[in-house]
Amino acid sequence: MQAQSADGRYISRMTQDGTLYFINPQKLSKTEGIKNFEYDMTLLSWTDSATVNFTFRSGLMAKPENLAIRSGNNVFRCDAFKPLFIDIKKNKYEIRITSRFPISVLATILDNPDPPIFDFTQDGIHRHAAYSEGAWRKDRKKLNDIYRIYLYSK
Amino acid sequence: MSDITSNNPEPPFNQSLSVMKKMMKFAFACILALGAASCATTTPVAATSNPVGNKCGIAKTTTVLSIFGGSADCGINKAAKNGGITRISHVDAFQKNYLGIVTIYGVRVYGE
């Protein structure tokens, strides 16, 4: 099984409890209402959840609500999310959010050839960020390789 | 026996076309060589006695020809903030270079 495609896409770190996999930040180009959306992910071999942190720039200084990831016909809502920080960048606000999803959600998303979409609202205004088709086709392969390595280390 | 050697010199236009083709081949070979010279390195910055933890944060900036860009915050504080890290275990610095033109600098912070 070839793993070269994921080289450089992640780093792994041995810890006392197991292995930490950090998936490097990825910018999503198709955004609505926000700019510079970038997410990264941390997988821990001793847990069954993935920490997804993401940053975006918005003209609104409001905490995101109703966070969900859409993948095809599936909608995975997240209740465990909170802001990490908010900074002022030029004339916009840079907001960083940490969220947690079950690892089964990641598996389902990686199974789907449709690009996943990050969905949330700010002050009732809908925002979203998504991969382009081509970017998802390439990144899905790498993420699947990383996910297999994560499963191997459990 | 007829002299088959042509004494007609190559027209000037064909000569410059031939030179241009050679220059383009050389430029292409240089680009390939530069591409092969692209590299990524990771170096240690600091380590503390804090536990390794379960979080990782990254901060980076991108420059082009070391002239354009490079204005983003790629310090330890930014990386720790990005990872939600309040107790730093250790820090690595990394650099990726593409074709000798685009360079990405950054730090990676681990902790809890």
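Quantities reported herein were computed from a predicted structural model and do not represent experimental measurements.

Peer 1: Sorry, what's going on with the overall build of chain B here?
Peer 2: When you go through chain B residue by residue, the secondary structure sums to two helices and five strands. Looking at chain B as a whole, 26% of its 112 residues qualify as buried. Counting only contacts in chain B whose residues sit at least 6 apart along the sequence, the fraction spanning at least 24 positions is 66%. With the model as given, the accessible surface of chain B reaches about 7,500 Å², and the carbon-plus-sulfur share is 64%.

Peer 1: Is there a simple way to think about the overall build of chain A in this case?
Peer 2: Within chain A, the regular secondary structure consists of two helices and eleven strands. Taken from N to C terminus, the helices and strands of chain A fall in the order β-β-β-β-β-β-β-β-β-α-β-β-α. Taken against the 2.2 N^0.38 rule, which gives 15 Å for 154 residues, the C-alpha radius of gyration of chain A at 15 Å falls within 12% of a compact globule. Its C-alpha atoms give chain A principal-axis dimensions of about 45 × 35 × 25 Å. Put simply, chain A has 154 residues, and 49% of those count as buried. The contacts in chain A between residues at least 6 apart in sequence include a share of 59% that link residues at least 24 apart.

Peer 1: What is the right way to read the nonpolar core from this model?
Peer 2: Across soluble globular proteins, nonpolar side chains show a tendency to be buried alongside one another. Core analysis: the largest hydrophobic core is formed by 34 residues, its most contacted members being F37, Y39, L43 and F54 of chain A. Of all the secondary structure elements, the ones that give two or more residues to this core are β2 (19-27), β4 (35-44), β5 (49-58), β6 (64-71), β9 (92-102), α1 (103-111), β10 (117-122) and α2 (133-152) of chain A.

Peer 1: Can you help me understand the sheet that holds strand β4 (residues 88-98) of chain B in this one?
Peer 2: What holds strands together in a sheet is hydrogen bonding between their backbones, with the strands either parallel or antiparallel. All names here are of chain B. Across the sheet, which stays open at both edges, the five strands sit in the order β1-β4-β5-β2-β3 with antiparallel pairing between neighbours. Whereas interior strands pair on both sides, the edge strands pair on one side only; in this sheet they are β1 (39-47) and β3 (68-69). Where strand β2 (residues 55-64) lies against β3, two bridges are found, and the strand directions are antiparallel. Looking across to β3, one finds that V64 is bridged to F68. On top of the sheet, helix α2 (residues 76-83) reaches β1, β2, β4 and β5 (102-111); it is set at about 130 degrees to β2, its chief contact.

Peer 1: Is there a simple way to think about the packing of aromatic side chains in this case?
Peer 2: Given two aromatic rings, one states the distance between the centres and the angle between the planes to describe the pair. Throughout the structure, instances matching the rule amount to twelve aromatic pairs over all chains. A centroid spacing of 6.3 Å and a plane angle of 70 degrees characterise the contact between Y39 of chain A and Y131 of chain A, whose relative ring orientation is edge-to-face. Within this pair, whereas Y39 of chain A is found in strand β4, its partner Y131 of chain A is found in the loop between β11 (125-130) and α2, the two being separated by 92 residues in sequence. Judged by centre distance (5.8 Å) and plane angle (55 degrees), the rings of F54 of chain A and F118 of chain A are tilted. Placement of the pair is F54 of chain A in strand β5 and F118 of chain A in strand β10, with a sequence separation of 64 residues. F54 of chain A sits in the buried class, given a relative accessible area of 0%. Above the ring of Y110 of chain B, the side-chain terminus of R13 of chain A is found at 5.9 Å from the ring centroid. Cation over ring: K81 of chain B sits above F85 of chain A, and NZ or CZ is 4.6 Å from the ring centre.

Peer 1: So what exactly am I meant to see when it comes to the side chain of N24 of chain A here?
Peer 2: With respect to the helices, strands and loops of the structure, N24 of chain A is situated in strand β2. For N24 of chain A, a relative accessible area of 9% puts it in the buried group. In contact with N24 of chain A, not counting residues within four places along its chain, are G8, R9, Y10, Y39 and D40 of chain A together with I58 and R108 of chain B.

Peer 1: So what exactly am I meant to see when it comes to a nonpolar patch on the surface here?
Peer 2: Among the surface-exposed residues, I31, V64, L65, I67, F68, Y98, L99 and I101 of chain B lie close enough to one another that they form a single nonpolar patch of about 740 Å² accessible area. Mapped onto the elements, V64 of chain B comes out in strand β2.

Peer 1: What is the right way to read the interface of chain B and chain A from this model?
Peer 2: When the parts come together, some accessible area is lost, and that loss is often what is quoted as the size of the interface. Taken together, the contact pairs 16 residues of chain B with 20 residues of chain A. Contact with chain A buries area across many residues of chain B, yet N54, K81 and N82 of chain B alone supply 31% of it, more than any other trio. Applying the counting rule to chain B against chain A returns three salt bridges. Here K60 of chain B ties to E38 of chain A by a salt bridge, and the two come within 3.7 Å at their closest N and O atoms. Taken together, chain B and chain A are joined by four residue pairs in polar contact (both at pLDDT 80 or more). Those elements giving two or more residues to the side of chain B that touches chain A turn out to be β2, α2, β4 and β5 of chain B.

About the thresholds
- Residues numbered from 1 in each chain as written.
- Chains lettered and ligands numbered in written order.
- Predicted model: local features only at pLDDT ≥ 70, side-chain atom pairs only at ≥ 80, totals over all residues.
- Heavy atoms only, no water.
- Helix = DSSP H or I, 4+ residues; strand = E, 2+ residues; numbered from the N terminus.
- Buried < 20%, exposed > 50% of the residue type's maximum accessible area, 1.4 Å probe, protein only.
- Contact = heavy atoms within 4.5 Å.
- Areas by Shrake-Rupley, 256 points an atom, 1.4 Å probe, with all protein chains shown as cover.
- Rg over C-alpha atoms; globule rule 2.2 N^0.38 Å.
- Core = buried A, V, L, I, M, F, W, Y, C linked by side-chain atoms within 4.5 Å.
- Pairing = 2+ DSSP bridges.
- Axes fitted to C-alpha atoms, helices over the stretch in contact; angles between N-to-C directions.
- Phe/Tyr/Trp six-rings, centres within 6.5 Å; stacked < 30°, edge-to-face > 60°.
- Lys NZ or Arg CZ within 6 Å of the ring centre and 35° of its normal.
- Patch = residues over 30% accessible without salt bridge, like charges linked within 9 Å, V, L, I, M, F, W, Y side chains within 5 Å.
- Salt bridge = Lys/Arg side-chain N within 4 Å of Asp/Glu carboxyl O.
- Buried area = accessible area lost by both parts, 1.4 Å probe.
- Polar contact = N/O pair within 3.5 Å; in protein donor to acceptor, adjacent residues only side chain to side chain.

Taken by themselves, the reported measurements are silent on function.
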